[in-house]
Amino acid sequence: QQQVKQSPQSLIVQKGGIPIINCAYENTAFDYFPWYQQFPGKGPALLIAIRPDVSEKKEGRFTISFNKSAKQFSLHIMDQPGDSATYFCAASGWDSNYQLIWGAGTKLIIKP
Amino acid sequence: DVKVTQSSRYLVKRTGEKVFLECVQDMDHENMFWYRQDPGLGLRLIYFSYDVKMKEKGDIPEGYSVSREKKERFSLILESASTNQTSMYLCASSPPSGANVLTFGAGSRLTVL
């Protein structure tokens, strides 16, 4: 029940495409869903986060779509080549003691 | 610019050696974490601490211990390194008001031969 399943594991898109990374969770007590971005040689950094009271949140070129009934959330990127990185989704709630439960990560490569 | 600093970026150790990984944060955060990152496995929590001299086991604490003698410093200790502990180790911190909003260090890549 504490798992967060992330797909795909890797993704290659041409510049101008819209990469989409998906995550699914089981625990209905989760109420915070962040995405972290990690460049090579760096630690992950918080990119964008959503709570279940909204179905979509956009910040710049990054959009989270959230489907509460399906227990799924997705990251959409209006891509630039500089967005090539590894992306992690995560979730937390009161019964994870607000500890983040992490997806396995998606390595995104954007071809110029 | 707020920072989490991991003093050793790359380490090579031999099996059986004792390994110390140091992490310092300058944000006055109460919460500190140690994760290991392996391809396809995401981030796995080793230990965390909510206060000085306090520690809690995460999901994979076996073979590791931690020390938090000062608020800003959280150390990960491998008492007897093994080859299966070859990995990227990430330290993170967060404030009490946003316990799940983490700031990470750049990581320490440990190779155990």
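A brief report on the enclosed structure follows. Computed from a predicted structure; not experimentally measured.

Regarding the sheet that holds strand β3 (residues 20-25) of chain A
Residue and element names in this part refer to chain A.
- Spatially, the five strands line up as an open sheet ordered β1-β3-β8-β7-β6, and their pairing is antiparallel. The sheet is open, and its two borders are formed by β1 (4-7) and β6 (56-59), each paired with just one other strand. The mean angle between the axes of side-by-side strands here comes to 15 degrees, regardless of whether they run parallel or antiparallel.
- As judged from the four bridges shared by β1 and β3, these two strands associate in the antiparallel manner. Within the sheet, the bridge partner assigned to glutamine 6 lies in β3 and is cysteine 23.

Some points on the packing of aromatic side chains
Residue and element names in this part refer to chain A.
- Applying the stated criterion across every chain yields a total of 18 aromatic pairs over all chains.
- Each ring, one from phenylalanine 33 and one from phenylalanine 73, has its centre 5.0 Å from the other, and the planes form 55 degrees; the classification is tilted. In this pair, phenylalanine 33 is assigned in strand β4 (residues 30-38) and phenylalanine 73 in strand β8 (residues 72-77), connecting sequence segments 40 residues apart.
- In this structure phenylalanine 73 comes out as buried when scored by relative accessible area, which is 0%.
- On the numbers, 5.7 Å between centres and 70 degrees between planes, the contact of tryptophan 35 with phenylalanine 73 is edge-to-face. A residue pair is termed long-range when its members are at least 10 positions apart, and tryptophan 35 in strand β4 and phenylalanine 73 in strand β8 qualify at 38 residues. We note that tryptophan 35, like phenylalanine 73, is buried.

Concerning the side chain of Gln6(B)
All names here are of chain B.
- Its location among the elements puts glutamine 6 in strand β1 (residues 4-6).
- Glutamine 6 gets classed as buried once you look at its relative accessible area, which sits at 5%.
- At 3.0 Å, the side chain of glutamine 6 forms a polar contact with the backbone nitrogen of cysteine 91.
- When near neighbours in sequence (up to four residues on either side) are disregarded, glutamine 6 contacts Glu22, Trp34, Tyr89, Leu90, Cys91, Gly105, Ala106, Gly107 and Ser108.

Things to note about the interface of chain B and chain A
- Between chain B and chain A, the contact holds 18 residues from the first and 18 residues from the second.
- Of the roughly 1,400 Å² buried between chain B and chain A, counting both surfaces, carbon and sulfur atoms make up 52%.
- On the chain B side of the interface with chain A, the three residues burying the most area are Leu43(B), Asn100(B) and Phe104(B), jointly 37% of the side's total.
- On the surface where chain B and chain A come into contact, there are eight residue pairs in polar contact (both at pLDDT 80 or more).
- Counting only elements with at least two residues in the side of chain B that touches chain A, the list comes to β4 (31-38) and β5 (42-49) of chain B.
- At four residues, the largest contribution of residues to the side of chain B that touches chain A is made by β5(B).
- By residue class, the composition of the side of chain B that touches chain A is twelve nonpolar, five polar and one charged.

Points about the sheet that holds strand β7 (residues 65-70) of chain B
Residue and element names in this part refer to chain B.
- The antiparallel open sheet is built from four strands, whose spatial order is β1-β3-β8-β7. The sheet terminates laterally at β1 and β7, the two strands that pair on one side only. Neighbour to neighbour, the strand axes of the sheet diverge by 20 degrees on average, direction disregarded.
- Both β7 and strand β8 (residues 73-78) contribute to a ladder of four bridges, which runs antiparallel. The residue of β8 that forms the bridge with lysine 70 is arginine 73.

Parameters at a glance
- Residues numbered from 1 in each chain as written.
- Chains lettered and ligands numbered in written order.
- Predicted model: local features only at pLDDT ≥ 70, side-chain atom pairs only at ≥ 80, totals over all residues.
- Heavy atoms only, no water.
- Pairing = 2+ DSSP bridges.
- Helix = DSSP H or I, 4+ residues; strand = E, 2+ residues; numbered from the N terminus.
- Axes fitted to C-alpha atoms, helices over the stretch in contact; angles between N-to-C directions.
- Phe/Tyr/Trp six-rings, centres within 6.5 Å; stacked < 30°, edge-to-face > 60°.
- Buried < 20%, exposed > 50% of the residue type's maximum accessible area, 1.4 Å probe, protein only.
- Polar contact = N/O pair within 3.5 Å; in protein donor to acceptor, adjacent residues only side chain to side chain.
- Contact = heavy atoms within 4.5 Å.
- Buried area = accessible area lost by both parts, 1.4 Å probe.
- Nonpolar A, V, L, I, M, F, W, Y, C, P; charged D, E, K, R; others polar.

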